[in-house]
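# Breakdown of the fold
So you can see what is in the structure, the chains are spelled out below.
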Amino acid sequence: EDQVTQSPEALRLQEGESSSLNCSYTVSGLRGLFWYRQDPGKGPEFLFTLYSAGEEKEKERLKATLTKKESFLHITAPKPEDSATYLCAVQANQAGTALIFGKGTTLSVSS
Amino acid sequence: DTGVSQDPRHKITKRGQNVTFRCDPISEHNRLYWYRQTLGQGPEFLTYFQNEAQLEKSRLLSDRFSAERPKGSFSTLEIQRTEQGDSAMYLCASSLGASGENEQFFGPGTRLTVL
C-alpha cells in the first residue's frame with residue numbers, strides 16, 4: 001500500500017535555528033513528490049515538486065531534497081513567518097493522479 | 001485573483017440535510033480534484049475530473065457524495081443526508097494537465113460542520 005510518513009509531528013525552533021523535516025514514503029512507483037505549506041484554516045500552498053533521486057530545489061530559506069526512500073525539507077535560519085504545517089505528498093504511478101499526503105509537520109518558530 | 005476559489009468558505013448544517021459546494025479552478029487548468037481534510041490529518045483524495053469527465057473516485061466517496069463538472073469549468077460537490085462524520089474541510093485543487101505539469105494548486109477550502 002502506498003504510504004507517506006512525516007516526522008516529527010511537531011517542531012519548535014528559535015528564530016535562526018536551522019533544522020530539517022523528514023518525509024519517508026513507500027510507493028509502487030514514484031511519479032512525483034510534492035511539498036506544501038498550510039496555514040491554519042487555509043488550503044495547502046504549493047512549494048516544490050521533486051521527480052527523481054538526487055534532485056534538489058530551493059526557495060528562499062527552504063531546500064527540498066529527494067532520495068529513493070525519503071525527502072527532506074531543510075529550513076535555514078527560520079523566521080516566525082515560517083511557522084505553518086508542512087505537508088509532503090506523493091503521486092504514485094498506480095494511484096492515478098491522486099496525491100497521497102502525510103499528516104504533516106507543524107513548525108513553530110519563536111523570536 | 002487568478003487562483004482556485006471555493007464557495008462557501010464555511011457551512012453549518014444539521015444532520016440529514018443536503019449541502020452543495022462549488023469550486024472554480026484556475027482558468028486554463030483542465031484537471032480538477034476534490035479532497036477532504038480532517039483535523040490533524042493530511043488531505044485525502046475524493047475524486048478527479050479531466051475536463052467534464054469524472055475519471056477517478058476514491059472508495060471514500062460514498063453513495064451520498066456526488067460531484068459534477070458540467071462544462072469542464074467549475075465543479076460542484078454535493079453531500080446528501082449529511083452525517084456528523086462528514087464534518088471536515090473540503091478542498092478543491094486544479095492542475096494544468098500537460099505532460100510533466102503535475103502540480104496541484106489548492107483553493108481555500110470549505111469548512112463543513114454537521115450538527
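Because the structure is a prediction, the values reported are computed rather than measured.

### Some details on the overall build of chain A
What chain A contains, in helices and strands, is zero helices and eleven strands. Listing each helix as α and each strand as β along chain A from the N terminus yields β-β-β-β-β-β-β-β-β-β-β. For a compact globule of 111 residues, the expected C-alpha radius of gyration is about 13 Å, and chain A comes in at 13 Å, within 12% of that figure. With respect to the principal axes defined by its C-alpha atoms, chain A has extents near 45 × 30 × 20 Å. Counting only residues that meet the buried cut, chain A has 47% of its 111 residues in that class.

### Looking at the sheet that holds strand S7 (residues 62-66) of chain A
Residues and elements named next belong to chain A. A sheet is described by the order of its strands in space; here five strands give the open sequence S1-S3-S8-S7-S6, paired in antiparallel fashion. The outermost strands of the open sheet, each flanked by one partner alone, are strand S1 (3-7) and strand S6 (56-59). When strand polarity is set aside, the average angle formed by the axes of neighbouring strands in this sheet is 15°. Of the pairings in the sheet, the one linking strand S3 (residues 19-26) to strand S8 (residues 70-75) comprises six bridges and is antiparallel in character. Note on S8: the bridge partner recorded for Ser20 is His74.

### Focus on unusual backbone geometry
In this model, Ser7 of chain A is joined to Pro8 of chain A through a cis peptide bond whose omega is -10°. One can find Pro8 of chain A in the loop between S1 and strand S2 (10-14). The step from Asp7 of chain B to Pro8 of chain B runs through a cis peptide bond, and the omega angle for that step is -5°. Tracing the chain through its elements places Pro8 of chain B in the loop between strand S1 (5-7) and strand S2 (10-13).

### Here's the deal with the sheet that holds strand S3 (residues 19-24) of chain B
All names here are of chain B. Pairing is antiparallel across the open sheet formed by four strands, whose spatial order is S1-S3-S8-S7. At either end of the open sheet lies a strand with only one pairing partner, and these are S1 and strand S7 (65-68). Sheet twist, expressed as the average angle between the axes of neighbouring strands with direction ignored, equals 15°. Direction of pairing for S3 relative to strand S8 (residues 75-79): antiparallel, over a ladder of five bridges. Counterpart to Thr20 in the pairing with S8 is Glu78.

### Overview of the interface of chain A and chain B
Counting residues at the interface gives 21 residues for chain A, matched by 22 residues for chain B. Across the chain A to chain B interface the summed buried area is about 1600 Å²; carbon plus sulfur atoms make up 52%. Linking chain A with chain B are zero salt bridges, by the criterion used here. Taken together, the links from chain A to chain B amount to six residue pairs in polar contact (both at pLDDT 80 or more). For the side of chain A that touches chain B, the secondary-structure elements that each account for two or more residues are strand S4 (30-38), strand S5 (45-50) and strand S9 (84-92) of chain A. A total of four residues in the side of chain A that touches chain B trace back to one element, the largest contributor, which is S4 of chain A.

### Remarks on the nonpolar core
By size, the foremost hydrophobic cluster in this structure holds 22 residues, and its most contacted members are Leu33, Trp35, Leu73 and Tyr86 of chain A. Residue contributions to this core peak at four residues, all from S9 of chain A. Ignoring any residue separated from it by four or fewer positions in sequence, one finds Leu73 of chain A in contact with Ser19, Ser20, Leu21, Trp35, Phe48, Leu62, Lys63, Ala64 and Tyr86 of chain A. Counting 19 residues, the second-largest nonpolar core is a separate cluster that includes Leu32, Trp34, Cys92 and Leu112 of chain B.

### Focus: the pairing of strand S6 (residues 53-57) of chain B
Residue and element names in this part refer to chain B. Both strand S5 (residues 44-50) and S6 contribute to a ladder of four bridges, which runs antiparallel. Across the sheet, the residue bridging to Tyr48 is Glu56, located in S6. Counting the residues in the hairpin turn of S5 and S6 gives two residues, including Asn51, whose phi is positive at 55°.

### Some thoughts on the side chain of Asp82 of chain A
Residue and element names in this part refer to chain A. With respect to the helices and strands, Asp82 occurs in the loop between S8 and S9. Within the structure, Asp82 has its side chain in polar contact with the side chain of Arg61 (distance 2.8 Å). Setting aside chain neighbours within four positions, we find Asp82 in contact with Arg37, Arg61, Leu107 and Val109.

What counts and how
Residues numbered from 1 in each chain as written. Chains lettered and ligands numbered in written order. Predicted model: local features only at pLDDT ≥ 70, side-chain atom pairs only at ≥ 80, totals over all residues. Heavy atoms only, no water. Helix = DSSP H or I, 4+ residues; strand = E, 2+ residues; numbered from the N terminus. Rg over C-alpha atoms; globule rule 2.2 N^0.38 Å. Buried < 20%, exposed > 50% of the residue type's maximum accessible area, 1.4 Å probe, protein only. Pairing = 2+ DSSP bridges. Axes fitted to C-alpha atoms, helices over the stretch in contact; angles between N-to-C directions. Contact = heavy atoms within 4.5 Å. Buried area = accessible area lost by both parts, 1.4 Å probe. Salt bridge = Lys/Arg side-chain N within 4 Å of Asp/Glu carboxyl O. Polar contact = N/O pair within 3.5 Å; in protein donor to acceptor, adjacent residues only side chain to side chain. Core = buried A, V, L, I, M, F, W, Y, C linked by side-chain atoms within 4.5 Å.

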